[in-house]
Amino acid sequence: MDSIYQQVIDDSVRQYQLAKKGGDKIDICVMASVVVTSYLQANDEANYLKWKRIEKSDCKQAGISY
């Protein structure tokens, strides 16, 4: 994988983890969506699908319908 994509993914996962520690449910949902987008841009299907499930769960907890 291109190093720039990996750097973006790593940054977005760290931001997601920070949101999980101190953010509200909407913050967590939004950051999960950012991670999903990062994997989509990197064409990493396995992790994209994994994070789509996480995003769906997090957003559902935030009251956002899927």
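Residues numbered from 1 in each chain as written. Predicted model: local features only at pLDDT ≥ 70, side-chain atom pairs only at ≥ 80, totals over all residues. Heavy atoms only, no water.

Draft legend 1. Inspection of helix H2 (residues 25–41) at higher detail. Helix length check: H2, at 17 residues, gives a terminal C-alpha distance of 25 Å against a target of 24 Å (1.5 Å per residue), a fit within 8%. Those residues of H2 that sit buried are Ile28, Cys29, Met31, Ala32, Val35, Val36, Ser38 and Tyr39. Summarising the contacts, the buried residues of H2 are in contact with helix H1 (3–22) and helix H3 (45–61). Structurally, the start of H2 carries an N-cap: the backbone nitrogen of Ile26 is 3.2 Å from a side-chain oxygen of Asp24. Positive phi appears at Asn43, one or two residues downstream of H2, with a value of about 60 degrees. (Helix = DSSP H or I, 4+ residues; strand = E, 2+ residues; numbered from the N terminus. Expected span 1.5 Å × (residues − 1). Buried < 20%, exposed > 50% of the residue type's maximum accessible area, 1.4 Å probe, protein only. Contact = heavy atoms within 4.5 Å. Polar contact = N/O pair within 3.5 Å; in protein donor to acceptor, adjacent residues only side chain to side chain.)

Draft legend 2. Up close: the environment of Tyr48. Structurally, Tyr48 can be placed in helix H3. Between the C-alpha atoms of Tyr48 and Gln61, which are 13 residues apart in sequence, the distance is 20 Å. For Tyr48, the residues in contact, after removing those within four places along its chain, are Val36, Tyr39 and Leu40.

Draft legend 3. Just the pattern of salt bridges, in detail. For the structure on display, the rule yields three salt bridges. Salt-bridge contacts for Arg14 lead to Asp11; the nearest nitrogen and oxygen are separated by 2.4 Å. Of the two residues, Arg14 and Asp11 both sit in helix H1, three residues apart, roughly one turn of that helix. A relative accessible area of 48% means that Arg14 is categorised as partly exposed. (Salt bridge = Lys/Arg side-chain N within 4 Å of Asp/Glu carboxyl O.)

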